[in-house]
Amino acid sequence: MNPRLENAGLEAWLVRFADGIDPRLLPRISAFCRDCRSAFGESLVDLVPSYTTVLVQYDPWRLSDTRARQLIERVLSQLVPDTEESGGRIVEMPVWYDLSVGPELERIAAGNGWTTQQVAEAHAGSEYQVFALGFVPGFAFMGLVQPSLAMPRLATPRRQVPRGSIAIAERQTAAYPQQTPGGWNLIGRTPLVLFDAERTPMTTLEPGDRVRFVAVTREEFVELGGSTDPVAEVPQ
Amino acid sequence: MTGPGALRVEAAGPQALLQDAGRFGVRHLGITQGGPMDWHAAGWANALQGNNAGAAVLEVAIGGLTLVAEAELTLSLSGADLSATVNGEELRPWQRFTLRAGDRLAFGLPRCGVRAYLGAHGGWQGVAALGSVACVGRDGLGGHKGRGLPLAEGDRLEPASPLPPLSAGAQVPLAHRIDYGSAAELSVIPGGQTGYFDGGSLHQAFNSHWQVDTRADRMGIRLTGPALVCRHPGMVSEGLAAGAIQVPPDGQPICLMNDRQTIGGYPRLGTLTPIARARLAQCMASHPVMLRASGTERARHDYFEALTAMESFRAN
């Protein structure tokens, strides 16, 4: 479909690229974000890309909604989707897949008649795209995991999901940048610091990046700075 | 002591947060906006000091805060009437006033409105993170001592500007003071999903009496009333503008405010105008609210008129 512009109030337009999730949208969405930044310049306040949309927030003091709409339409009409080379970076993320830090390895294994080792291999065996960041700073929504790894959220969320946890919800996968409540299925832990406001860049991942999870041993995980504290809460 | 003198926190109250215009250009990383819930009252606290509209003010919610001046300070107070007193004597909002060393500024129970704004010359000093001192606990960013921490007993607040104090007495013109006690009429700009709500629900949305729910904070304010029905076939999460009105399956709208989640997956009835957002920020639980559909032209005109009034007051 052709992208649609939807009114999102006095200071924003929502640009809709499709109605359903499709990894093939990402090269268009990332190119659109980049071109919008140069087209709007100082008048741009924020750009929030997600699975199928980009929210373009502009300064209404500098631009009317009509003028903002014209700028967006011009960017769309000249849009050249990113290619493999010009598109998102490839980020390798080490993961220690272990029941002590990823209790739901078992739940996913049981559903397939697999070993937990096979679940880890299946998760690390694909490349994933970062669709959006949200929930808490640096929390990347990635996907899509193969259907056999898909698993509904826990009926009762954990009050504390440890920082670095690698998780699955339905066909999405993510890493928790900080300790927070959460209802996703935990399958492992990364030693990487995913968000640090003092660092440039602040987040390890950005929308449009492609992520490869790399299985590491307990020793390698500790060497990279990971905490082996087990997940305390039993899932419901 | 450095700088022009400070306020010491004697009692912190439920929530007192430093807020400047907000944190921008980082929402794609999952970092929220922050900033004053009532930009209008915050803007007047700054205009009374001759500050830019985005200088850091103290947002005092509900009351319960007591501050003691360690030196002479000329401050400004706007927004909600939280039964403020100086050494026990009533202090009305919408004006500039002077504290002498040892004076005690106390906020009591809310009489009218929810959030008061305390302004200082040049704004208050804070720890900037990503270009803003806006205090957001969930993100652990900003605030007077950083890491998104709220005001706590024993903390100190210092004005950012070393300039000599202004004279007391300046007041916000009556025409620009909002009566937070009246029923709130909130203008809503319809959006791309408004048409997915069924006809009866749209009629109810804009003709019913809504009430502000107790579930209200800096992320979002829920309204209770008739259950709205949306026939949207199923959404994926998308970016949320300030003032977006999400309607979850229970049919009760949630107006998304300054500390909202960056993306969300419920259908939206529309978007509150900036003026409606500021007005809603001052509504206590059970306050009556009406929603009115508005065009962007009108909303833009009203918004600019409000901003221009502040700007010309400041310049004089």
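Quick look at the structure, then.

Cut-offs applied
- Residues numbered from 1 in each chain as written.
- Chains lettered and ligands numbered in written order.
- Predicted model: local features only at pLDDT ≥ 70, side-chain atom pairs only at ≥ 80, totals over all residues.
- Heavy atoms only, no water.
- Pairing = 2+ DSSP bridges.
- Helix = DSSP H or I, 4+ residues; strand = E, 2+ residues; numbered from the N terminus.
- Axes fitted to C-alpha atoms, helices over the stretch in contact; angles between N-to-C directions.
- Contact = heavy atoms within 4.5 Å.
- Parallel < 35°, antiparallel > 145°, perpendicular 65-115°, else oblique.
- Nonpolar A, V, L, I, M, F, W, Y, C, P; charged D, E, K, R; others polar.
- Salt bridge = Lys/Arg side-chain N within 4 Å of Asp/Glu carboxyl O.
- Buried < 20%, exposed > 50% of the residue type's maximum accessible area, 1.4 Å probe, protein only.
- Buried area = accessible area lost by both parts, 1.4 Å probe.
- Phe/Tyr/Trp six-rings, centres within 6.5 Å; stacked < 30°, edge-to-face > 60°.
- Lys NZ or Arg CZ within 6 Å of the ring centre and 35° of its normal.
- Core = buried A, V, L, I, M, F, W, Y, C linked by side-chain atoms within 4.5 Å.

The next thing to look at is the sheet that holds strand β13 (residues 210-216) of chain B. All names here are of chain B. Reading around the circumference, β12-β19-β16-β17-β14-β13-β20 is the order of the seven strands in this closed barrel, with mixed pairing throughout. With strand direction ignored, the average angle separating the axes of adjacent strands in the sheet is 40°. One ladder, built from three bridges, connects strand β12 (residues 184-190) with strand β19 (residues 268-272); its direction is antiparallel. Across the sheet, the residue bridging to I189 is T271, located in β19. Helix-sheet contacts for helix α2 (residues 199-207) involve β12, β13, β19 and β20 (288-293), and the interaxial angle to β20 is about 120°.

All names here are of chain A. Interaxial distance between helix α3 (residues 105-112) and helix α4 (residues 116-124) falls to 8 Å at its minimum, and their mutual angle equals 95°. Viewed along their axes, α3 and α4 adopt a mutual orientation that is roughly perpendicular. Every residue of α4 that contacts α3 at L105, E106, I108 and A109 is listed here: T116, V119 and A120. Residue classes in the contact of α3 with α4 are distributed as five nonpolar, one polar and one charged.

Residues and elements named next belong to chain B. Inspection of every chain in the model, using the stated rule, returns 35 salt bridges over all chains. Residue E70 pairs with R156 through a salt bridge whose shortest N-O separation is 2.6 Å. Highlighted residues: E70 in the loop between β4 (66-69) and β5 (73-81) and R156 in strand β11 (residues 156-157), separated in sequence by 86 residues. Among the residues examined, E70 registers a relative accessible area of 28% and is labelled partly exposed. Judged by its relative accessible area of 34%, R156 is partly exposed. The salt bridge partner of D250 is R222, with a shortest N-O separation of 3.6 Å.

Attention shifts here to the side chain of T273 of chain B. Turning to its location among the elements, T273 of chain B is positioned in the loop between β19 and α3 (274-280). On the accessibility criterion, T273 of chain B (4% relative accessible area) is buried.

Turning next to the interface of chain A and chain B. Often, the extent of an interface is quoted as the loss of accessible area on bringing the components together. Facing 42 residues of chain A, the contacting portion of chain B comprises 40 residues. Counting the surface chain A buries against chain B, the share from its top three residues, L10, D46 and W61 of chain A, is 19%. Counting every contact that joins chain A to chain B gives three salt bridges. With its nearest N and O atoms 3.0 Å apart, the salt bridge here joins E238 of chain B to R16 of chain A. Grouping the constituent residues of the side of chain A that touches chain B by class yields 24 nonpolar, 11 polar and seven charged.

Before going further, it helps to spend a moment on the pairing of β20 of chain B. Residues and elements named next belong to chain B. With five bridges joining them, β12 and β20 adopt parallel strand pairing. Paired with S187 across the bridge in β20 is R292. Relative to β20, β13 is paired through two bridges, and the arrangement is antiparallel. In the strand pairing of β20, W210 is matched with V289.

This part takes up the environment of R138 of chain B. Of note, R138 of chain B is situated in the loop between β10 (112-120) and β11. The spatial distance from the C-alpha of R138 of chain B to the C-alpha of E153 of chain B is 21 Å, given a sequence separation of 15 residues. With sequence-adjacent residues up to four places away left out, R138 of chain B is seen in contact with F135 and Q178 of chain A together with T32, M219, D259, R260 and Q261 of chain B.

Another point: the packing of aromatic side chains. Between two aromatic rings, the relevant description is the distance of the centres plus the angle of the planes. Applying the stated criterion across every chain yields a total of 16 aromatic pairs over all chains. Arranged with centres 6.1 Å apart and planes meeting at 40°, the rings of Y303 of chain B and F304 of chain B form a pair that is tilted. Each member of the pair Y303 of chain B and F304 of chain B is classed as buried. One aromatic cluster is present, built from ring pairs that chain together Y51, F131, F135, F139, F141, Y176 and W184 of chain A. Between the NZ or CZ atom of R69 of chain A and the centre of the ring of W13 of chain A, over which it lies, the distance is 5.0 Å.

Residues L186, L223, L269, L272, L280, V289 and L291 of chain B are the most contacted members of the largest nonpolar core, which totals 47 residues. Here this core takes seven residues from helix α4 (residues 296-315) of chain B, the largest share from any one element. Beyond its immediate stretch of four places on either side in the chain, L223 of chain B contacts W210, Q211, V212, Q252, P253, C255, L280, V289 and L291 of chain B. Listed in part, the 33 residues of the second largest apolar core include A122, V130 and A175 of chain A together with V26 of chain B.

All names here are of chain A. If you trace the four strands from one edge of the open sheet to the other, you get β1-β2-β4-β3, paired in antiparallel fashion. The sheet is open, and its two borders are formed by β1 (4-7) and β3 (44-49), each paired with just one other strand. When strand polarity is set aside, the average angle formed by the axes of neighbouring strands in this sheet is 20°. Relative to strand β4 (residues 53-58), strand β2 (residues 12-16) runs antiparallel, the two sharing five bridges. Residue pairing across strands places L14 opposite L55, the latter belonging to β4. Along the sheet, helix α1 (residues 26-40) contacts β2, β3 and β4; its crossing angle with β4, the most-contacted strand, is approximately 10°.

Keep in mind that these numbers describe shape and distance, not what the molecule does.
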